[in-house]
Amino acid sequence: MENYKIILFLCNWGAHTAYQALQDQGYRVPPEISTVRIPCTGRISKALLFKAFEMGADGVALVGCKPGTCRYGVGTNSAINFTDDTREILAFLGLDKDRLQLVTFLPDEVDGLRNFLEMFCDEIRSFGKSSLMPTHKDLIKDDQAGTFAEILAAHNAYGCQDCGKCTSSCPLALTGKQFSPRAIAGAVIAGDMNSKEIVEDIWSCLTCGICYARCPSGVNFPDFICDIRALVKSKDDGDSHQAHGGFFQSLMRSMTSPEMKTDRWSRLPKDVKLDDKSKILFFGGCAPYFDTFFRNHLGVRTTDVLVDSLRLMNFFDVAPAVLKNERCCGHDLLWSGDRENFLKLARLNIAMIAEMGIEEVVTACPECYRTLAMDYQRFGVDVGFKVTHIYEFLEQEIDKGAVTFNPPEKAMTFQDSCRMNSFDALKDLPRKLINRISPNQFEEMKDHKDVSMCCGSSAWTGCDAYSKAMQVNRLRQARETGSNLMVTSCPKCQIHLQCAMEDPFQGNDLKMEVMDLTSVIRQTICWE
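What counts and what doesn't
- Within each chain, residues carry numbers counting from 1 in the order of the written sequence.
- Predicted model: local features are reported for residues with pLDDT of at least 70 only, side-chain atom pairs are reported and counted for 80 or more only, and whole-chain, interface and lining totals are derived from all residues.
- Water and hydrogen atoms were dropped before computing side-chain values, which therefore reflect all heavy atoms in the structure.
- In what follows, salt bridge is the name for a side-chain nitrogen of Lys or Arg lying within 4 Å of a carboxyl oxygen of Asp or Glu.
- Here a helix means four or more residues in a row that DSSP labels H or I, a strand means two or more in a row labelled E, and each is numbered from the N terminus.
- For the exposure calls, accessible area comes from a 1.4 Å probe over protein chains only, and a residue counts as buried if that area is under 20% of its type's maximum, exposed if over 50%, partly exposed in between.
- Start and end positions for the domains come from either an automated domain assignment or a database one.
- Whether two residues are in contact is decided by their heavy atoms, any of which lying within 4.5 Å being enough.
- Here's the idea: put two parts together, see how much 1.4 Å probe accessible area each one loses, and the total over both is what we call buried area.
- The definition of a polar contact used here is a pair of N or O atoms within 3.5 Å, where within protein one atom must be able to donate a hydrogen and the other to accept one, and adjacent residues in sequence count solely through side-chain atom pairs.
- Classes in brief: Ala, Val, Leu, Ile, Met, Phe, Trp, Tyr, Cys and Pro nonpolar; Asp, Glu, Lys and Arg charged; the others, Gly included, polar.
- A helix is expected to span 1.5 Å multiplied by its residue count minus one.
- Each pair of strands is called paired provided DSSP finds at least two bridges between the two strands.
- Each axis is a line fitted through C-alpha atoms, and for a helix only the stretch in contact is used; angles between axes span 0 to 180 degrees, taken between their N-to-C directions.

Can you break down the pattern of salt bridges residue by residue, with the values?
Side-chain pairing between opposite charges can occur once the charged atoms of the two side chains come close. Inspection of every chain in the model, using the stated rule, returns 37 salt bridges. A salt bridge links lysine 177 to aspartate 464, with the nearest nitrogen and oxygen atoms 2.9 Å apart. In this pair, lysine 177 is assigned in the loop between α8 (171-175) and α9 (181-190) and aspartate 464 in the loop between α22 (429-437) and α23 (465-480), connecting sequence segments 287 residues apart. Under the relative-accessibility criterion, aspartate 464 is labelled partly exposed at 23%. Between aspartate 428 and lysine 449 there is a salt bridge whose closest N-O contact spans 2.7 Å. Of this pair, aspartate 428 sits in the loop between α21 (424-427) and α22 while lysine 449 is found in the loop between α22 and α23, placing the two residues 21 residues apart along the sequence. Assessed through its relative accessible area of 28%, lysine 449 is described here as partly exposed. Members of the salt-bridge network, linked through shared partners, are Asp223, Asp227, Arg339, Arg370, Asp375 and Arg378.

Tell me about the domain arrangement of the protein chain, residues and numbers included.
Annotation of the protein chain at the domain level lists domain 1 (6-127), domain 2 (142-241), domain 3 (254-395) and domain 4 (403-527). Computed from C-alpha coordinates alone, the two centres of domain 2 and domain 4 are separated by 27 Å. Contacts between the two partners involve 15 residues from domain 2 and, on the opposite side, 16 residues from domain 4. Both sides together, the interface formed by domain 2 and domain 4 hides about 1300 Å², and carbon and sulfur atoms give 59% of it. Where domain 2 meets domain 4, there are one salt bridge. Applying the counting rule to domain 2 against domain 4 returns six residue pairs in polar contact (both at pLDDT 80 or more). Per-element accounting of the side of domain 2 that touches domain 4 gives the leading share, three residues, to α8. Looking at the side of domain 2 that touches domain 4, its residues break down into seven nonpolar, five polar and three charged.

Talk me through helix α4 (residues 110-127); I want residue IDs and the actual numbers.
Between its terminal C-alpha atoms α4 stretches 26 Å, which fits the 26 Å expected from 18 residues at 1.5 Å a residue. What α4 keeps buried is the set Val110, Leu113, Arg114, Phe116, Leu117, Phe120, Cys121, Glu123 and Ile124. The secondary structure elements touched by the buried residues of α4 are β1 (6-11), α1 (14-24), β2 (33-38), β3 (59-64) and β4 (100-104). Backbone geometry just after α4 places glycine 128 at a positive phi near 85°.

I'd like a rundown of the sheet that holds β2, residues and numbers included.
Spatial ordering of the open sheet is given by β2-β1-β3-β4, a layout of four strands whose pairing is parallel. One side of each edge strand has no neighbouring strand; the edge strands of this open sheet are β2 and β4. Adjacent strand axes in the sheet meet at a mean angle of 20° when their direction is disregarded. Together, β3 and β4 form the strand contacts of helix α3 (residues 75-92), whose direction differs from that of β4 by roughly 160°.

Next up, the structure:
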């Protein structure tokens, strides 16, 4: 007989009164149910709801007060939004969204609560066990993560000349944060695991690469930080540095479950042409999860980038395959120190792609591009296919000729992606494409290309007031160009910069339209 696990988050007020009365009547709560008493359903964030599933729950019920009776005013309304978003994300992962339910009761609705508990247990049993395999926080073995000395030697950190060029060019330091790449290197050389530079600052680093570009000794500081994070995480599995309650790391860890059958592509528009037998695969990334998570706050539409990429490939007579059971590439797990689960994802993705006989993978996400083209192989996962960014594909096709554009009636500026800037072959492509569309309506921001300002957060870690200050500064630079459209190349740039536009005091002075370059091309290219 299957052993089911159901978590009941029970509001401390009306719902708990009904639950207590039910027990006083001698009702035996089904053994599958574990009850967690909470102050208010509005306090149970999307991260906490999803965490229950990551830890092995087959079903989760959020039991609260009727709308209008919440002791905290907006708790029930918040719970409705959190639950709806998390249910949608469960559906993307191939789980029935009814495994998560929000119900509300008045203190005297004892019979209604009893009926719900019995109905919900029956429903979960009918679904069967969850396909999410519980993730255990087993620490990475030291020989996997390496040692300080090995990491220092691998990245030539001993070659640091203590010149300070890294710190003087670091966007965080220039924003006013007491942060110094060379100080981190010095702390690692000293082996002081308890220093502020290691305990705090390694998680603040944006890994944007400006310091690497400026370093006279060629110390690859982003990769150095990546390896140090893995070593530190192997000794201390704390997640306090993660943004949004660690939701995205939890989501990505859950995708390491081999039995999971994701539902990533079923909502594509009917006019998009795919071919299961194609040797070219389009890898989408995490845009649907981002859009669902932020839809009630920012209203971002990064999924449009995927649809527009596919339509443009169709325009050039390419109908690609897609990975029906696609998972995250693992970028954020790698860069937040969880190398073990990054490698699990890498091996799952590569095995599925290899089974399809794919020869070329095209992606529109710069983080997916770097991960597939560089990081898988860096950590010993062989990739038997060519990796192409959608901009490379588009430039190659447009360069053949016979393609024209209808320039937008907007002045444009461009936000560089940190990951794209790390590839010499890619960093100029966005500007080439923009100039093909509308060379007279494009104006660079003060800081661009190799010295471009990061959007303020890396791998959902280290988001703080200094990150927000950076984003505000970047938006001011964009407005100073006279542009009314900021063109981006990374979904996270859209998310983080649009978040900064929500500033209640400066928002109106910062707001401008944000659109990915792929979408700009799709909207301006002449289809006839």
